[in-house]
Amino acid sequence: MTLPTSTTTSIDTATAAVPTAATTPAANSIILTGDRPTGPLHLGHFVGSLRDRVAYQHQYRQFVMLADSQAMTDNMDDLGKVHRNVVEVALDYLAVGIDPAKTTVFIQSQIPELTELTFYYLNLVTVARLERNPTVKAEIVLRGFERDIPAGFLTYPASQAADITAFKANMVPVGEDQIPMIEQCNEIVRKFNRIVGRDILVEAKAFVPEVGRLPGIDGKAKMSKSLGNTINLGASPDEIRAAVRNVYTDPLHLKVSDPGHIEGNVAFTYLDAFDTDKDGLAEMKAHYQRGGLGDSIVKKRLEGILQDMLAPIRARREEFAKDPAYVMQMLKEGTMKAREVAAATTDEVKKALGLSYF
């Protein structure tokens, strides 16, 4: 069955601006990216990855993975959260303009070759090396695992290496905190190629988006589903209004006449990310810093921008949600395409290891 193309609408170029030349991947890039389906996507995802994916799909071969298997590594006590959010995240993808005719969207767990590659790669990395991975160490502390670390969680660098190499991706958009994962993937690639005596696997480059992560509305850490400090892409007008009302500004800006601070002020961080009127924003910043401008005025501008930006995304999301069969068919067809690619790489790996007997 061929997926209908008329139901996919690209997002406005004002909110999905193509990255600058300094940050644009090479012309021959194969991009792998994705999300853990543990909750609906939010503005942080939009800034950090989604709007770039919309732009990249017109220029590069792009695979977007719903990492449900990886989400299981620390959600085995709540499987329903992962199951139901596969569709929720897929709806967010479609709503922002990711086009399944241009981007291969697939479900990780439905490609057994990724698990097979992970098993082979685990023989190329030691437990000590996994434990030294800075990203893994930080996540272990964040989740309070101490020594009770799920084995699947600890070995995720090998799993991620399987995801990347299966599609021979040479560009992986990540946050700065994920760079060690790409470095360890490349260690596995180099070791494998050295053992088999030829270049079968491809090294990948970590591509860090120019804008980076958004802080949460509370001003603490990053915008995160688990911290409850997000503005979801499908948020209603009332939810957007309430969230903006609670956005962290400058705690020292007690009176309108007081000079305000821009640094660390989440309202201005969001305006920097989404306000296309840079001259007007610069004037507002100057006014705020010299005093005489209240936080309510800043938040009113922010709310207006977010309401205008999220309204069409929410509307498209609601339309796609009315046709769950289409969403599942899109995921099925994308997964079938992705599996063909992963299976070809796995065959190469097995032949290089001498594991093709028949």
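For the structure, see preceding data.
Residues numbered from 1 in each chain as written. Predicted model: local features only at pLDDT ≥ 70, side-chain atom pairs only at ≥ 80, totals over all residues. Heavy atoms only, no water.

## Observations regarding the nonpolar core
Right, on to step 1. One finds Leu-43, Ile-231, Tyr-270 and Phe-274 to be the most contacted residues of the largest nonpolar core, which totals 53 residues.
Right, on to step 2. Each of domain 1 (30-214 + 324-353) and domain 2 (234-320) accounts for three or more of the residues forming this core.
Right, on to step 3. Apart from the residues lying within four places of it in its own chain, the contact partners of Tyr-270 are Leu-214, Pro-215, Gly-216, Ile-217, Met-223, Ile-231, Val-247, Asp-275 and Leu-302.
Right, on to step 4. Formed by 35 residues, the second largest nonpolar core is a distinct cluster that contains Leu-32, Ile-164, Val-196 and Ala-204. (Core = buried A, V, L, I, M, F, W, Y, C linked by side-chain atoms within 4.5 Å. Buried < 20%, exposed > 50% of the residue type's maximum accessible area, 1.4 Å probe, protein only. Domains from an automatic or database assignment. Contact = heavy atoms within 4.5 Å.)

## Observations concerning the layout of surface pockets
Right, on to step 1. Space inside the largest pocket adds up to approximately 1500 Å³.
Right, on to step 2. As for the largest pocket, its lining consists of 47 residues, of which Arg-36, His-45, Gln-178, Arg-213 and Lys-222 are closest to the centre.
Right, on to step 3. Elements with a contribution of two residues or more to the lining of the largest pocket: β1 (30-35), α1 (43-56), α6 (134-143), α8 (156-166) and β4 (171-173). (1 Å grid on protein atoms, 1.4 Å probe; cavity = no way out; pocket = protein on both sides within 12 Å on 5 of 7 lines; lining within 4 Å. Points joined across faces, edges and corners; volume = space filled by probe spheres on them. Helix = DSSP H or I, 4+ residues; strand = E, 2+ residues; numbered from the N terminus.)

## Overview of α8
Since one α-helical turn is 3.6 residues long, residues separated by three or four positions face the same way.
Right, on to step 1. The element α8 is extensively covered by neighbouring structure, given that 11 of its 11 residues are classed as buried.
Right, on to step 2. Turning to α8, its buried residues number three or more, namely Tyr-156, Pro-157, Ala-158, Ser-159, Gln-160, Ala-161, Ala-162, Asp-163, Ile-164, Thr-165 and Ala-166.
Right, on to step 3. Phi turns positive, to about 50 degrees, at Lys-168, one or two residues after α8.

## Side note on unusual backbone geometry
Across the chain, the bulk of peptide bonds are trans and the bulk of non-glycine residues have phi less than zero.
Right, on to step 1. Phi is positive for Lys-168, close to 50 degrees, though the residue is something other than glycine.
Right, on to step 2. Along the chain, Lys-168 turns up in the loop between α8 and β4.

## Re the pattern of salt bridges
Right, on to step 1. Applying the stated criterion to the full structure yields 18 salt bridges.
Right, on to step 2. Here the salt bridges do not stand alone but share partners, grouping Arg-36, Asp-74, Glu-139 and Arg-143 into one network. (Salt bridge = Lys/Arg side-chain N within 4 Å of Asp/Glu carboxyl O.)

## Focus on the packing of aromatic side chains
Right, on to step 1. Tallying each qualifying case throughout the model produces 10 aromatic pairs.
Right, on to step 2. With centroids separated by 6.0 Å and ring planes inclined at 65 degrees, the aromatic side chains of Tyr-56 and Phe-207 adopt a geometry described as edge-to-face. Highlighted residues: Tyr-56 in helix α1 and Phe-207 in strand β5 (residues 205-207), separated in sequence by 151 residues.
Right, on to step 3. Aromatic rings pair up to connect Tyr-56, Tyr-60 and Phe-207 into one cluster. (Phe/Tyr/Trp six-rings, centres within 6.5 Å; stacked < 30°, edge-to-face > 60°.)

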